[in-house]
Amino acid sequence: DPASDFLGEEQWAWLEKVLAESKSDVNLVVSGLQVLPELRWQGENWSRFPFARERLLQTILRSNARGVVLLSGDVHFAEISTATCWPRGGDRSNTANMRELWEVTSSGMTHAWQTAHKSLYSLFWLTF
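Being a predicted model, the structure only gives us computed values, none of them experimental. (Residues numbered from 1 in each chain as written. Predicted model: local features only at pLDDT ≥ 70, side-chain atom pairs only at ≥ 80, totals over all residues. Heavy atoms only, no water.)

Novice: Residue-level account of helix H2 (residues 50-63), with values.
Specialist: With 14 residues, H2 should reach 20 Å at 1.5 Å per residue; the first-to-last C-alpha distance of 20 Å fits that figure. Among the residues making up H2, those that are buried are Ala 52, Arg 53, Leu 56, Leu 57, Gln 58, Thr 59, Ile 60, Leu 61 and Ser 63. (Helix = DSSP H or I, 4+ residues; strand = E, 2+ residues; numbered from the N terminus. Expected span 1.5 Å × (residues − 1). Buried < 20%, exposed > 50% of the residue type's maximum accessible area, 1.4 Å probe, protein only.)

Written out as C-alpha cells, the structure reads:
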C-alpha cells in the first residue's frame, strides 16, 4: 500500500524534534531500507511507500539540520547515492531552496554481487 508508513506519530515527532534542535555539524539518519534510490529493480525501499518517503525528506529539509547523511542497508551491495531535494511547494528556480542529500548504503559482510546494476542516482558502486 503506497500510503503505508514506516514510523508511528511518536517516532515522527521525535525525529522532527531532534533534527530541529541539533547543533551538530553532521547528522546521521539511519534506516534499515534505502531512502534515496527511486528506480530500484527489487527489494524493499522507501520509494515503495511514497508518502512516507516524501514525509521523511520534507522532515529533513524543514529541520535545517546541517550535514544530514542517510545510512542504510538491506541490500546485497554497497552504494553511495545523492539526490537534490526541494521543500514542497518551493521555488525550484531558486537554488537557495534546494538541498543535496547523500546516502551511504552498506552491504552485508557475507553478501556478494558478481556484477553491478547501476542506479540513476549512484555515484560509485562498491561491490564485494
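That was the structure; now back to the text.
Novice: Kindly report on the confidence of the model for the protein chain, identifying the contributing residues and their values.
Specialist: Mean pLDDT over the protein chain works out to 80, with 77% of the residues at or above the 70 mark. In the predicted structure, residues 120-128 sits below a pLDDT of 50 and forms 30 contacts with residues beyond four places in sequence or in another chain. (pLDDT = per-residue confidence, 0-100. Contact = heavy atoms within 4.5 Å.)

Novice: Requested: an account of the pattern of salt bridges, with residues and values cited.
Specialist: Applying the stated criterion across every chain yields a total of five salt bridges. The salt bridge involving Asp 5 is made with Arg 55; its shortest N-O contact spans 3.9 Å. Placement of Asp 5 in the segment before helix H1 (9-21) and of Arg 55 in helix H2 is noted, with a sequence separation of 50 residues between them. The salt bridge partner of Glu 16 is Arg 62, with a shortest N-O separation of 4.0 Å. Of this pair, Glu 16 sits in helix H1 while Arg 62 sits in helix H2, and the two are 46 residues apart along the sequence. Judged by relative accessible area, Glu 16 falls into the partly exposed class, the value being 31%. In the salt-bridge network here, residues are joined through shared partners; they are Asp 5, Glu 9 and Arg 55. (Salt bridge = Lys/Arg side-chain N within 4 Å of Asp/Glu carboxyl O.)

Novice: Mind laying out unusual backbone geometry, listing which residues take part and the relevant values?
Specialist: Positioned with a positive phi, Asn 64 is a non-glycine residue whose angle comes to about 60 degrees. As for its placement among the helices and strands, Asn 64 is situated in the loop between H2 and strand E2 (68-75). With a relative accessible area of 63%, Asn 64 lands in the exposed category.

Novice: So what about the pairing of strand E4 (residues 99-107)? Which residues, and what values?
Specialist: A regular strand places its side chains on the two faces of the sheet in alternate fashion. The two faces of E4 differ: Arg 99, Leu 101, Glu 103, Thr 105 and Ser 107 on one face are buried, but Glu 100, Trp 102, Val 104 and Ser 106 on the other face are not. Pairing analysis gives seven bridges linking strand E3 (residues 78-85) to E4, with the strands arranged antiparallel. Residue Glu 79 lies in a different strand from E4, and its bridge partner there is Thr 105. (Pairing = 2+ DSSP bridges.)

Novice: Pulling in residues and values, what's your account of the packing of H1 against H2?
Specialist: Here H1 crosses H2 at 25 degrees, and the two axes come no closer than 8 Å. One finds that H1 runs roughly parallel with respect to H2. Crossing handedness for the pair H1 and H2: right-handed. Contacts between H1 and H2 pair Glu 9, Trp 12, Leu 15, Glu 16, Leu 19 and Ala 20 from the former with Ala 52, Arg 55, Leu 56, Thr 59, Ile 60, Arg 62 and Ser 63 from the latter. When its residues are assigned to classes, the contact of H1 with H2 shows seven nonpolar, two polar and four charged. (Axes fitted to C-alpha atoms, helices over the stretch in contact; angles between N-to-C directions. Parallel < 35°, antiparallel > 145°, perpendicular 65-115°, else oblique. Left-handed = near helix turned anticlockwise from the far one by under 90°. Nonpolar A, V, L, I, M, F, W, Y, C, P; charged D, E, K, R; others polar.)

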